[in-house]
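# An overview of the molecular structure
What follows is each chain in one-letter form.
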Amino acid sequence: MTGTVRLVRAALRRDRWLVLWWTVGLVALYWVTAVSIPQTYTSQHALDQAAAALDGNPAYVAMAGPTRALDTVGGQVAWQVQAFGAVLVGVMAMFVVVRHTRAEEEAGRDELVRAAPVGRLAPAVSGVTVSLVVSVVAGVLSALAVASTGLDPADSFGLGLGLAGCGAVFTAGSYVAAQVAGTARGAYGLAGGAVGAAYALRAVGDVGAPVLSWLSPIGWYEQLHAFSGLRWWPLAVIVVAAAGTLVLGGWLLGRRDYGDGLRPVSAGPADGRLRGGLGLAVRLQRGSVIGWAGGLFLGGLAYGAIGNDVGDVIGDSQAVTDMLAQGGVSLVDGFYGTAAVMLAVIAAGFAVSSANRPWHEEEAGHAEILLVTRLPRRSWLLGHTVVTVAGTIIVLGAAGVGLGGGYVLTTREAGHALRIGASVLEYIPAVLVVAAVARFLHGWAPRWLPVAWLPVVYAGVVVFFADLLRFPGWLRGLSPFDRLALAPAEPVRWLPIVLLAVVAAALSVAGQAGLGRRDIG
Amino acid sequence: MSTVTTAAVIDIQQLVKTFGRFRALDGLDLQVAAGEVHGFLGPNGAGKSTTIRVLLGLLRGDAGTARILGLDPWRDGVEVHRRLAYVPGDVSLWPNLSGGEIIDLLGRLRGGLDRQRRAALVEEFELDPTKRARTYSKGNRQKVALVSALAAEVDLLVLDEPTSGLDPLMEAVFQRHVRAFRERGGTVLLSSHILAEVEELCDRVSIIRAGRTVESGTLSELRHLTRTSVSAELDRPVPELADIPGVHDLVVTGSRVSLSVDTAALDPVMRCLGEAGIRTLASRPPTLEELFLRHYGDELGAETR
């Protein structure tokens, strides 16, 4: 363990922004939920009605967990936030741990560090420590934030420490994934898959097979029963599981060769069939397109399956009715409109990462050997652009199929399902605008490319918080997603669609021109 | 005789390239004639890779001119790229593609490669083309880039320290194929730190330092500028040796003398030694290494400023 302290300090310094934003984000989620529940349900009567409608509804149980004490503000807060918070902290753990372990190893930097007088486990321990620090700090601050709204302090700490515990388990799980997979990408996939599996196991378990929930750390979190008869012993299960998984990871680290995973890398073809820039771009990005499409299909399916019940649940809640049903549209359609825009914002994450890919190719030195062949710069970039555009359509299409499919599964109304599913496609130009911002930055100021994530984050803020924080119209309108009609609740407006498409095309062309003018790499 | 009589394949005049405040190239000149293998030497950070990247149209020069194959690399990049193949110093490949896939992808992008030569190169370099690039060592990544470049049908090879990761056996394979390429009429720009390789392969050499060309010519021309070491055992002492202009580092121990001599003064020195009665004589022409050190030795201190 020699050198661990120094490496932890270096890792915290290197990741100070990442650490800060994840912490702020997680705490904000808990705080906003605690603040918004009393605003949504303004009377005990409203809470009672909501509880009666939600109680035991399988779709809601699957999404958020067992329905307990939903006629109290604390019960509502815990129920709404805990599964979502656990997934978020899991994603954080995945990013931080893999970044400091497998990704460092793949980049070859880890080799330098290890050659210095540091213990075999020290580099891994430093990544794990950063993730644990974020989990615990976010957990404690979330507890304080929830308690600050006037809710019971002990239960608030149950809610916060449960979050920290989930973070610890997912940290350990990501550490194991980093040992098993042979590549950083593979480790991200495995660790992310584990978070998804934990959520899914708990969903199925909570609905009808309680045993399965006991296999999931999110299930243990729910078992703390924060704000519904708090008990502390499930926290012990979480701590033991995290510690045990960490030990397993350390043991695996000793059983594999440096630079390899437990699974050997398979052989490839001796001859290639890749033809040109487009073929290569497809090959490089197809895994990511498939992954995002699969994820958004499942997300759409989940939203699609529950939407028809939405009227029962919040039908009498005046605030929500006002929020969703501007202009007297049906609540169900309003729900699907919101679901569609949420899925589209998530899809924008794919689009930006796809538009970032050419710059990663430059940074990695791959562009250097490509661009000294007869492949012109513009064709190279165009290949990636085509993949981004086609990928966006595929990913949004998958979300739409999921949304419509989920609806059909629960209602057997194919006609309306088609309308609901198709509503996601309206957002193609908005997603492409966000991707085109990234392409523009890539062309003219590639060092600023991380800024391209801001529009995605901002669009998310508008979708989730604009009503709550009472954003004025112009502030909402900065998000391209807000410019479009909330289909299927509102009729599709074509003018903004066309205008957004024009903006996307103009930014793309400008980005292409910028690439033609600057140095490569 | 060192003037370029045949068409210049590469012609760089007074090239300047700055990165922010750092002047990477500071009025660099470089001429490479058709059909020659041209060695491109310089210490780390002298600007070799920057020069090559400007020549390939990846970077844009700030002042001066660079012509390659008669074209402007920045404006006519693709036209230039049709006729050359490039092996970078630090070969970075797509981790999940196999070596064979990458060789063929780059080959197609260069307009096709000679399948027979590809097969021969893979065999001779002992490269396993089915392995994923992430599992290759540095040397094997270089082999992938070399196979695809040497199997391509091009007029010019631009090689930036192409053999730094290869073992001596593979180095020999490399040299054989570069010679074969020249015999087919090709031109080569070879940046290298392996001076033995440069001596073995290159017709002409340019040495650069701090972004400027300090020496350019054939190896024999460059040798002319430097000194031959001579040591001999003589019948009787020759005090007059010290008076010959061009004699340096003279050491006399009894009947043994050792000295280094400017090429121009070789004749009077030899005559002088002959008259003293030579019992044994050893003389050694300057190595490229000595040439190199003469140019850089004086700046070992200055470079660290």
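Residues numbered from 1 in each chain as written. Chains lettered and ligands numbered in written order. Predicted model: local features only at pLDDT ≥ 70, side-chain atom pairs only at ≥ 80, totals over all residues.

## A short note on the overall build of chain B
Selection rule: Secondary structure is summarised from DSSP: a helix means a run of H or I of at least four residues, a strand means a run of E of at least two, and numbering begins at the N terminus for each. Throughout, a residue-residue contact means that the two C-beta atoms, derived from backbone geometry, are no farther apart than 7 Å.
Broken down by element type, chain B carries ten helices and 13 strands. Each principal axis of the C-alpha distribution contributes one length, and for chain B these read about 70 × 45 × 40 Å. In chain B, the share of contacts with a sequence separation of at least 24, taken over all contacts with a separation of at least 6, comes to 71%.

## Re the overall build of chain A
What counts, and what does not: Our radius of gyration is a C-alpha quantity, and the globule rule it is checked against amounts to 2.2 Å times the number of residues to the power 0.38. Whether a residue is buried, exposed or partly exposed is read from the other C-beta atoms within 10 Å of its own C-beta, which are placed from the backbone; 20 or more gives buried, 12 or fewer gives exposed, and intermediate counts give partly exposed.
The helix and strand inventory of chain A stands at 24 helices and zero strands. A compact globule built from 521 residues should have a C-alpha radius of gyration of about 24 Å, and chain A, at 24 Å, falls within 12% of that. Structurally, chain A occupies a C-alpha span of about 70 × 60 × 40 Å along its principal axes. Within chain A, buried positions represent 51% of all 521 residues. Restricting to contacts in chain A with at least 6 residues of sequence separation, those with at least 24 account for 76%.

## A word on the pairing of strand E8 (residues 204-209) of chain B
On a regular strand, one side chain projects to one face of the sheet and the next to the other, so that they alternate. Residues and elements named next belong to chain B. Going by this rule: Should DSSP find at least two bridges between two strands, the strands are taken to pair.
In the sheet, strand E3 (residues 37-41) pairs with E8 via four bridges, with the strands oriented parallel. Paired with leucine 41 across the two strands is isoleucine 207, which belongs to E8. Of the pairings in the sheet, the one linking E8 to strand E9 (residues 212-218) comprises six bridges and is antiparallel in character. The residue bridging arginine 209 from the neighbouring strand is arginine 212, located in E9. Count of turn residues in the E8/E9 antiparallel hairpin: two residues, of which alanine 210 carries a positive phi of about 50 degrees.

## Section: the packing of helix H14 (residues 277-306) of chain A against helix H19 (residues 377-411) of chain A
All names here are of chain A. Using the following cut-off: Each axis is a line fitted through C-alpha atoms, and for a helix only the stretch in contact is used; angles between axes span 0 to 180 degrees, taken between their N-to-C directions. By definition in this entry, angles of less than 35 degrees are roughly parallel, angles greater than 145 are roughly antiparallel, angles of 65 to 115 are roughly perpendicular, and the rest are oblique. Helix crossings get a hand from a simple test, with the near helix turned counterclockwise from the far one by less than a right angle marking a left-handed crossing and a clockwise turn marking a right-handed one. Gly counts as polar in this scheme, as do all residues outside two lists: the nonpolar Ala, Val, Leu, Ile, Met, Phe, Trp, Tyr, Cys and Pro, and the charged Asp, Glu, Lys and Arg.
Close contact between H14 and H19 brings their axes to 7 Å; oriented N to C, the two are set at 20 degrees. With respect to H19, the element H14 is oriented roughly parallel. Viewed along their axes, H14 and H19 form a crossing whose handedness is right-handed. Class assignment for the residues of the contact of H14 with H19 results in 25 nonpolar, 15 polar and no charged.

## Some thoughts on the nonpolar core
All names here are of chain A. Stated precisely, the cut-off is as follows: By definition, a nonpolar core groups buried Ala, Val, Leu, Ile, Met, Phe, Trp, Tyr and Cys residues that are joined through C-beta atoms within 7 Å.
One finds Leu343, Ala344, Ala347, Tyr427 and Val431 to be the most contacted residues of the largest nonpolar core, which totals 148 residues. Ranked by residues supplied to this core, first place goes to helix H17 (residues 331-363) with 18 residues. In contact with alanine 344, other than residues within four places in its own chain, are Leu396, Val424, Tyr427, Ala430, Val431 and Phe481.

## Brief notes about the sheet that holds strand E4 (residues 63-68) of chain B
Residues and elements named next belong to chain B. Strand order in the open sheet formed by three strands is E2-E1-E4, with antiparallel pairing between adjacent strands. Of all strands in the sheet, those bounded by a partner on one side alone are strand E2 (22-33) and E4. Across the sheet, the axes of successive neighbouring strands diverge by a mean angle of 20 degrees, strand direction being ignored. Relative to E2, strand E1 (residues 8-19) runs antiparallel, the two sharing nine bridges. From the neighbouring strand, phenylalanine 19 faces E2, where its bridge partner is phenylalanine 22. Packed on one face of the sheet, helix H1 (residues 48-55) meets E1, E2 and E4 and runs near 65 degrees to E2.

## Some remarks on the sheet that holds E9(B)
Residue and element names in this part refer to chain B. One open sheet accounts for six strands, arranged E5-E6-E7-E3-E8-E9; its pairing is mixed. Edge strands, defined here as strands with exactly one partner in the open sheet, are strand E5 (84-87) and E9. Within this sheet the neighbouring strands show an average axis-to-axis angle of 15 degrees, counted without direction. Sheet topology note: the E3/strand E7 (residues 187-191) ladder contains four bridges and is parallel. Each bridged residue has a counterpart across the sheet, and for glycine 39 the counterpart in E7 is leucine 190. In this fold H1 packs onto E3, strand E6 (156-160), E7 and E8, with an angle of close to 150 degrees to the strand it touches most, E6.

## Quick notes on helix H21 (residues 428-444) of chain A
Structurally, the α-helix is built with 3.6 residues per turn, so residues lying three or four positions apart point the same way. Formally: Here the expected span of a helix is defined as 1.5 Å times the quantity of residues minus one.
Spanning 17 residues, H21(A) covers 24 Å between terminal C-alpha atoms, matching the ideal 24 Å at 1.5 Å per step. With respect to burial, H21(A) is a largely interior element, 16 of its 17 residues being buried.

## Overview of the pairing of E6(B)
All names here are of chain B. With five of its five residues buried, E6 lies for the most part within the structure. Neither face of E6 is open: one carries Leu156, Val158 and Asp160, the other Leu157 and Leu159, and all of them are buried. Relative to E6, E5 runs parallel, the two sharing four bridges. From the neighbouring strand, alanine 85 faces E6, where its bridge partner is leucine 157.

## A short note on the environment of B:Val198
With respect to the secondary-structure elements, B:Val198 resides in helix H7 (residues 195-201). Along the sequence, B:Val198 and B:Gln175 sit 23 residues apart, while their C-alpha atoms lie 9.9 Å from each other.

## Side note on the packing of helix H3 (residues 99-109) of chain B against helix H5 (residues 138-150) of chain B
Residues and elements named next belong to chain B. Put simply, H3 and H5 touch, their axes get as near as 9 Å, and they point 35 degrees apart. Once H3 is placed against H5, the crossing between them reads as right-handed. Contact with H3, carried on its side by Gly99, Ile102, Ile103, Leu106 and Gly107, involves Val144, Val147 and Ser148 of H5 and no other residues of that element. Partitioned by chemical class, the residues of the contact of H3 with H5 number five nonpolar, three polar and no charged.

## Description of the interface of chain A and chain B
Tallying the contact residues gives 28 residues for chain A and 32 residues for chain B. Contributions of two or more residues to the side of chain A that touches chain B are made by H14 and helix H18 (366-370) of chain A.

## Some points on the environment of B:Leu241
Residue and element names in this part refer to chain B. As for its placement among the helices and strands, leucine 241 is situated in the loop between strand E10 (227-234) and strand E11 (247-253). What makes leucine 241 partly exposed here is the crowd of 19 C-beta atoms within 10 Å. Expressed as a C-alpha distance, the spacing of leucine 241 and proline 285, which sit 44 residues apart in the sequence, is 20 Å. Setting aside residues no more than four positions away along its own chain, leucine 241 makes contact with Val247, Leu250, Val257 and Cys272.

## Considerations on the environment of B:Ala85
All names here are of chain B. Relative to the helices and strands, alanine 85 is located in strand E5. On the basis of neighbour counts, which here come to 28 C-beta atoms within 10 Å, the residue alanine 85 falls in the buried class. Taking the C-alpha atoms as reference points, alanine 85 and asparagine 140, separated by 55 residues in sequence, lie 18 Å from one another.

## So, the confidence of the model for chain A
The line we're drawing: The pLDDT value tells you how sure the predictor is about a given residue, anywhere from 0 up to 100.
Of the residues in chain A, 95% have a pLDDT of 70 or more, and the chain-wide mean is 88. Taking the mean pLDDT of every element in chain A, the minimum, 52, falls on helix H16 (residues 318-324) of chain A and the maximum, 97, on H21(A).

## What to know about the confidence of the model for chain B
Residue and element names in this part refer to chain B. Per-residue confidence for chain B gives a mean pLDDT of 87; residues scoring 70 or more make up 94%. Considering only residues more than four positions removed or in separate chains, one finds that residues 300-305, a stretch of pLDDT under 50, has zero contacts. Among the prediction metrics, the complex's ipTM stands at 0.80, with pTM recorded as 0.79.

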